[in-house]
Amino acid sequence: MRVWSLFVVFFFSMPQAYSQIFKVQTTACGAVPSNLCEGLRQEIQKHINEHAPGVEIDKYADGMARSNKISAKGGGSDYANRFEAIMLSASVNAGAEVDISNTKNLEKTASGVSLAPSAVIGVNLGLLPVGKIAGLKTRDLDLFLSFMSYNKDKLLDEDEISLGGEFNHYGAQIRYQWVNEKDILPWYMLQWTGLQVHTGYQYTRNKLNVNYKLDPSSIDPIDYNGATATVDNGSATALIEHSSHTIPLEISTGIRFLYLFSLYGGLGTDFTLSSASEARVSALGSVSTGGLAAGANYSIAGDQEADGKAEFINTRAFAGFQVNIPMVRVFVQGHKYFSNDTYAVNAGVKLMY
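Note that the structure is a prediction, hence the values are computed from the model and not measured.

**Student:** So, empty space enclosed by the protein: which residues are in play, and what are the values?
**Tutor:** Scanning the entire structure with this criterion turns up one cavity of 30 Å³ or more. In this structure, the largest cavity occupies an estimated 30 Å³ of space. Along the walls of the largest cavity sit Gly74, Gly75, Ser77, Ser89, Ser91, Val120, Phe331 and Lys350, which together make up its complete lining. Here the lining of the largest cavity is composed, by residue class, of two nonpolar, five polar and one charged.

**Student:** Give a description of the environment of valine 323 that names residues and reports values.
**Tutor:** Counting through the fold element by element, valine 323 comes out in strand β16 (residues 313-325). Residues within four places of valine 323 in sequence aside, it is in contact with Leu260, Phe261, Val328, Arg329 and Val330.

**Student:** Describe the state of the cysteines, naming the residues involved and giving the relevant values.
**Tutor:** If you walk through the whole model with that rule in mind, you get one disulfide. There is a disulfide in this structure between cysteine 29 and cysteine 37, and the S-S distance comes to 2.1 Å. Note on the cysteine 29 and cysteine 37 pair: the S-S dihedral is about -90 degrees, so by sign convention the disulfide is left-handed.

**Student:** Pulling in residues and values, what's your account of the confidence of the model for the protein chain?
**Tutor:** Close inspection of predicted coordinates is inappropriate for parts of the model with low pLDDT. With 91% of its residues at a pLDDT of 70 or more, the protein chain shows a mean pLDDT of 89. Confidence over residues 13-18 falls short of pLDDT 50; this stretch has 13 contacts with residues more than four positions distant or in other chains.

**Student:** Kindly report on the environment of lysine 152, identifying the contributing residues and their values.
**Tutor:** Checked against the element boundaries, lysine 152 lands in strand β7 (residues 141-158). Using a relative accessible area of 37% as the deciding quantity, one classes lysine 152 as partly exposed. Counting along the chain gives 56 residues from lysine 152 to leucine 208, while the straight-line C-alpha distance between them is 9.8 Å.

**Student:** Residues and numbers for the pattern of salt bridges, please.
**Tutor:** Side chains that differ in sign of charge can pair as their charged atoms come close. Counted according to the given criterion, the structure contains 16 salt bridges. A salt bridge links aspartate 140 to arginine 139; its shortest N-O distance comes to 3.8 Å. The class of aspartate 140 is buried, set by a relative accessible area of 7%. Taking the shortest distance from any N to any O, the salt bridge between arginine 316 and aspartate 270 comes out at 2.8 Å. Placement of the pair is arginine 316 in strand β16 and aspartate 270 in strand β14 (residues 261-291), with a sequence separation of 46 residues. Taking relative accessible area as the criterion, aspartate 270 reaches 0% and is therefore assigned buried.

**Student:** Talk me through the nonpolar core; I want residue IDs and the actual numbers.
**Tutor:** Within the largest apolar cluster, 37 residues are counted, with the highest numbers of intra-cluster contacts made by Leu40, Ile44, Ile48 and Tyr298. A total of six residues in this core trace back to one element, the largest contributor, which is strand β13 (residues 227-257).

**Student:** Account for the side chain of threonine 342, with residues named and values stated.
**Tutor:** For threonine 342, the position within the fold is in strand β18 (residues 342-352). Within the local environment of threonine 342, its side chain forms a polar contact with the side chain of asparagine 340, the two groups lying 2.4 Å apart. Apart from residues lying up to four places away in sequence, threonine 342 is in contact with Arg66, Ser67, Ile70, Ala96, Glu97, His335, Lys336 and Tyr337.

**Student:** Quick one: what's the story with a negative patch on the surface, residue by residue and with numbers?
**Tutor:** Where like charges cluster on the molecular surface, the negative patch consists of Glu158, Asp159, Glu160 and Asp215. Examined against the element boundaries, aspartate 215 turns out to sit in the loop between β11 (195-213) and β12 (222-224).

The rules we used
Residues numbered from 1 in each chain as written. Predicted model: local features only at pLDDT ≥ 70, side-chain atom pairs only at ≥ 80, totals over all residues. Heavy atoms only, no water. 1 Å grid on protein atoms, 1.4 Å probe; cavity = no way out; pocket = protein on both sides within 12 Å on 5 of 7 lines; lining within 4 Å. Points joined across faces, edges and corners; volume = space filled by probe spheres on them. Nonpolar A, V, L, I, M, F, W, Y, C, P; charged D, E, K, R; others polar. Helix = DSSP H or I, 4+ residues; strand = E, 2+ residues; numbered from the N terminus. Contact = heavy atoms within 4.5 Å. Disulfide = S-S within 2.5 Å. pLDDT = per-residue confidence, 0-100. Buried < 20%, exposed > 50% of the residue type's maximum accessible area, 1.4 Å probe, protein only. Salt bridge = Lys/Arg side-chain N within 4 Å of Asp/Glu carboxyl O. Core = buried A, V, L, I, M, F, W, Y, C linked by side-chain atoms within 4.5 Å. Polar contact = N/O pair within 3.5 Å; in protein donor to acceptor, adjacent residues only side chain to side chain. Patch = residues over 30% accessible without salt bridge, like charges linked within 9 Å, V, L, I, M, F, W, Y side chains within 5 Å. Areas by Shrake-Rupley, 256 points an atom, 1.4 Å probe, with all protein chains shown as cover. Lys, Arg positive; Asp, Glu negative; His and termini not counted. Charge placed at Lys NZ, Arg CZ, Asp CG, Glu CD.

And the structure:
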């Protein structure tokens, strides 16, 4: 549920100095004095936005693009295992641009979140009837294909907020065992896993729809110098779509110890072929007037939009931990871009032969 809360923060955050989502406009004052009519309009706008979430989508545009770019990294290859024939993997991969030093307020500090769950099949090219490809031994080359397509109308449906979305990821990567592993102690009591080089192509796309419904009963009737108003309803709809096409280039190494455990890490540079994020928010509402404001009419609406993209090059570090069971691996790993507070986490299970 924490992940969906971070998604909702794209549109509906709650900072103290928020951007007002609902804008109140005067459509008619009738016989109401203009200063009273305008004063009541300001009070209506103030009160309805005090009870509605704030929206600052401008700050999310680039953050969402960077989060999308990093989200699938590490989810389409392997950093810690050699296999003779085939590997199957399923993992949950998420990226976020957030101040992790303030863990109690992640929803408020996040400026981007993206999901890229993936299923992976890896094949050792030593199965081919050739010994070398481009001068490289095929047994030192592994090909990984990753994919996922998921669509759900209601990922979150709580109180006044509902969220649905689509998640797509496709990738193809190749890994080269540049330097072979070396046993320091026998039977995997201590082994250096050597050096691996990884590259390929990844596509990741998220499309989210968020709906917010204001609870009019939470807003007391407004009284401004004898002019009264009651908020009848209010709602907001938000759409975000972000996608990226990237080429990762990575080098990894690690150690396996006590047979059961592996620690590994490395460096990576992600090249952006294309990146785009779009966010749109629309709001509507209605209000009834009375007292000295009888005859005045107001409309409630709001529209905001923002576009962003990730940089051409982002460099990152990554590290992971793995539990080794015969033919099964359980792992968790993290990534961070050096240039900003953008992170990714991968967690999953692998089967191999």
